[in-house]
Amino acid sequence: MTTSANHQERSPHVSVRDLRKQYGGFVALDGVSFDIEQGETFALLGPNGAGKSTTIEVLEGYRDRSGGEASVLGVDPHRGGIAWKARLGIVLQNTGESGDVTVREQLSHFAGYYPNPRNVDEVIVGVGLETKENTLIRKLSGGQRRRVDVALGIIGRPELLFLDEPTTGFDPEARRQFWGLIEGLKTEGTTILLTTHYLDEAAYLSDRAGIIAGGRLIDIGRIDEIGGAEARVPIVRWQDASGVQERRTTTPGAVVAELVAAGGEPRGLEIVRPSLEDVYLELLSANDHSTQELEPSL
Ligand code: ADP
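Conventions and cut-offs
Residues numbered from 1 in each chain as written. Predicted model: local features only at pLDDT ≥ 70, side-chain atom pairs only at ≥ 80, totals over all residues. Heavy atoms only, no water. Domains from an automatic or database assignment. Buried < 20%, exposed > 50% of the residue type's maximum accessible area, 1.4 Å probe, protein only. Helix = DSSP H or I, 4+ residues; strand = E, 2+ residues; numbered from the N terminus. Pairing = 2+ DSSP bridges. Expected span 1.5 Å × (residues − 1). Arc of directions from axis to C-beta. Contact = heavy atoms within 4.5 Å. Phe/Tyr/Trp six-rings, centres within 6.5 Å; stacked < 30°, edge-to-face > 60°. Near = heavy atom within 4 Å. Polar contact = N/O pair within 3.5 Å; in protein donor to acceptor, adjacent residues only side chain to side chain. Areas by Shrake-Rupley, 256 points an atom, 1.4 Å probe, with all protein chains shown as cover. Axes fitted to C-alpha atoms, helices over the stretch in contact; angles between N-to-C directions. Parallel < 35°, antiparallel > 145°, perpendicular 65-115°, else oblique. Nonpolar A, V, L, I, M, F, W, Y, C, P; charged D, E, K, R; others polar.

Engineer: I would appreciate a short explanation of the domain arrangement of the chain in the present structure.
Structural biologist: Note: interface size is frequently given as the accessible area lost on complex formation between the parts. According to the domain assignment, the chain contains domain 1 (4-225 + 282-286) and domain 2 (233-273). For domain 1 versus domain 2, the distance between C-alpha centres works out to 42 Å.

Engineer: I tried to follow the pairing of strand S3 (residues 41-45) on my own but got confused; where do I start?
Structural biologist: Consecutive side chains of a regular strand alternate in pointing toward one face of the sheet and then the other. Of all five residues in S3, five are buried; the element is thus mostly enclosed. With burial as the criterion, each face of S3 is covered, one bearing Thr41, Ala43 and Leu45 and the other bearing Phe42 and Leu44. Relative to strand S7 (residues 191-195), S3 runs parallel, the two being bridged by four bridges. Opposite Thr41, over in S7, you have Ile192 as the bridge partner. Here four bridges tie S3 to strand S8 (residues 208-213), and the two strands are oriented parallel to one another. Residue pairing in the sheet places Phe42 in a bridge with Arg208 of S8.

Engineer: Can you walk me through helix H10 (residues 276-287) in this structure?
Structural biologist: Because an α-helix packs 3.6 residues into every turn, residues spaced three or four apart end up facing the same way. With twelve residues, H10 extends 16 Å between its outermost C-alpha atoms, agreeing within 8% with the 16 Å of an ideal straight helix rising 1.5 Å per residue. For H10, the full list of buried residues reads Leu276, Val279, Tyr280, Leu283 and Leu284. The arc that holds the buried residues of H10, viewed along the axis, is 130°, so those residues lie on one side. Opposite the buried face of H10, at more than 90 degrees from it, the exposed residues are Glu282, Ser285 and Ala286. Residues of H10 that are buried sit in contact with S3, helix H8 (199-205), S8 and strand S9 (216-222).

Engineer: Quick question: what am I supposed to make of the packing of aromatic side chains here?
Structural biologist: The geometry of an aromatic ring pair is captured by two quantities: the separation of the ring centres and the angle between the planes. This model, assessed by the stated rule, comprises four aromatic pairs. A centroid spacing of 5.1 Å and a plane angle of 10° characterise the contact between Phe34 and Phe42, whose relative ring orientation is stacked. Ring centres 4.6 Å apart and planes at 25° place the aromatic pair Trp179 and Tyr204 in the stacked group. Linking Trp179 in helix H7 (residues 172-187) with Tyr204 in helix H8, this pair joins segments that are 25 residues apart in sequence.

Engineer: Would you take a moment to explain the site of the ligand for this structure?
Structural biologist: Around the ligand sit 14 residues, and of these Gly49, Gly51, Lys52, Ser53 and Thr54 come closest. Within the contact set of the ligand, an oxygen atom lies 3.1 Å away from a backbone nitrogen or oxygen of Ala50. A distance of 2.8 Å is found between an oxygen atom of the ligand and a backbone nitrogen or oxygen belonging to Ser53. For the ligand, the accessible surface in isolation is 560 Å², of which the surrounding protein chains cover 74%.

Engineer: It is not clear to me how the sheet that holds strand S1 (residues 14-23) should be interpreted in this structure. Could you clarify?
Structural biologist: Note on sheets: strands pair through backbone hydrogen bonds, and any given pair is parallel or antiparallel. Ordered by their spatial adjacency, three strands build an open sheet running S2-S1-S4, and the pairing between neighbours is antiparallel. In this open sheet, the two strands that pair with only one neighbour each are strand S2 (26-36) and strand S4 (67-72). Across this sheet, the average inter-strand angle for adjacent strands is 25°, counted without regard to direction. With five bridges connecting them, S1 and S4 associate as antiparallel partners. Residue pairing for S4: Ser15 is matched across the bridge by Ser71. Here helix H2 (residues 52-60) sits on the sheet and contacts S1, S2 and S4; the angle it forms with S1, its principal contact strand, is near 115°.

Engineer: Would you mind going over the side chain of Ser206 with me for this structure?
Structural biologist: Relative to the elements of secondary structure, Ser206 occurs in the loop between H8 and S8. A polar contact is formed between the side chain of Ser206 and the backbone oxygen of Ala202, at a distance of 2.8 Å. In this view, Ser206 contacts Thr41, Ala43, Lys186, Leu194 and Ile223; residues no more than four positions away in its chain are not counted.

Engineer: What exactly am I supposed to notice about the sheet that holds strand S11 (residues 243-248) here?
Structural biologist: Within the open sheet, the three strands sit side by side as S11-S10-S12. Their pairing is antiparallel. Each edge of the sheet is formed by a strand with only one pairing partner; in this case those strands are S11 and strand S12 (267-272). On average, adjacent strands in this sheet sit at an angle of 15° to one another, irrespective of strand direction. Looking at chain direction, strand S10 (residues 235-240) and S12 are connected through four bridges and run antiparallel.

Engineer: Whenever I open this one, the packing of helix H6 (residues 142-154) against H7 confuses me. Can you help?
Structural biologist: Two quantities define a packed helix pair, namely the angle between the axes and the distance from one axis to the other. Packing of H6 against H7 leaves a shortest axis separation of 12 Å and a crossing angle of 5°. By the angle between their directions, the pair H6 and H7 is classed as roughly parallel. Contact residues: H6 offers Arg147, Val150 and Ile154, while H7 offers Ala174, Gln177, Phe178, Leu181 and Leu185. Partitioned by chemical class, the residues of the contact of H6 with H7 number six nonpolar, one polar and one charged.

Next up, the structure:
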């Protein structure tokens, strides 16, 4: 392998530096920087209005930026042509695929746009639509249509897949199935940029996350490190005669041993490790962007 090929292998699939976007006088992105490495799944998290869709749309080449640098698969998205687009998979929030064609027809049609598409049968099975392949898309349920969206996003065998709230409207079983599908794509080396309001989904699927609020990245890191070590300290909870007791401690086993030694089996004993959701809510309240959700949507 040549040095330049090695270098290419190591270059991130997405690189954003000081990204800025203004809508008229309104600053939607105020200097956002992050990288997504090849094969990585990165979750962009944040409340409504934080700037997630704007970021993604700039990276997909759908929106111009007001400032900063962006590189996607080595190309400035502002200048990405059709060959570059064919290397991306895009699952938007609302694609509104509701046509008078069957699932299979739609997928076969879209497969024709790509140089090296996935096998239509495999994709149909992958998204769990085998019993619906000959059904008209407009006759599918909302969750089933969402699976068609996902199928269309991956049919071209993308190197980089954008998933914007992919499982909204899924029942728990469909969500689990979808997670299995994404794990398969990860194993194949697909780079994924995910947004979701389901923090358990982000924690399950992603390697790293960035938390955005008010157009700024307020934290970024590995899923098990984001928020810092302090935010991850477990809580031992139990009940005694005066009610529920809690202690935050890095040595929960020692606390439990102490409790047992002092009074036998503690009632209602739990050791709770803060989840990504707990850490996320803590970070947002510390940054005081709770008012953002109150903004009128345009
Ligand atoms: P998110 O995806 O995190 O919910 P968005 O990127 O959609 O956030 O929006 C970020 C901010 O930019 C919001 O305050 C939103 O109202 C505003 N915004 C988004 N699109 C436009 C637009 N086309 N014109 C004006 N303001 C917009």
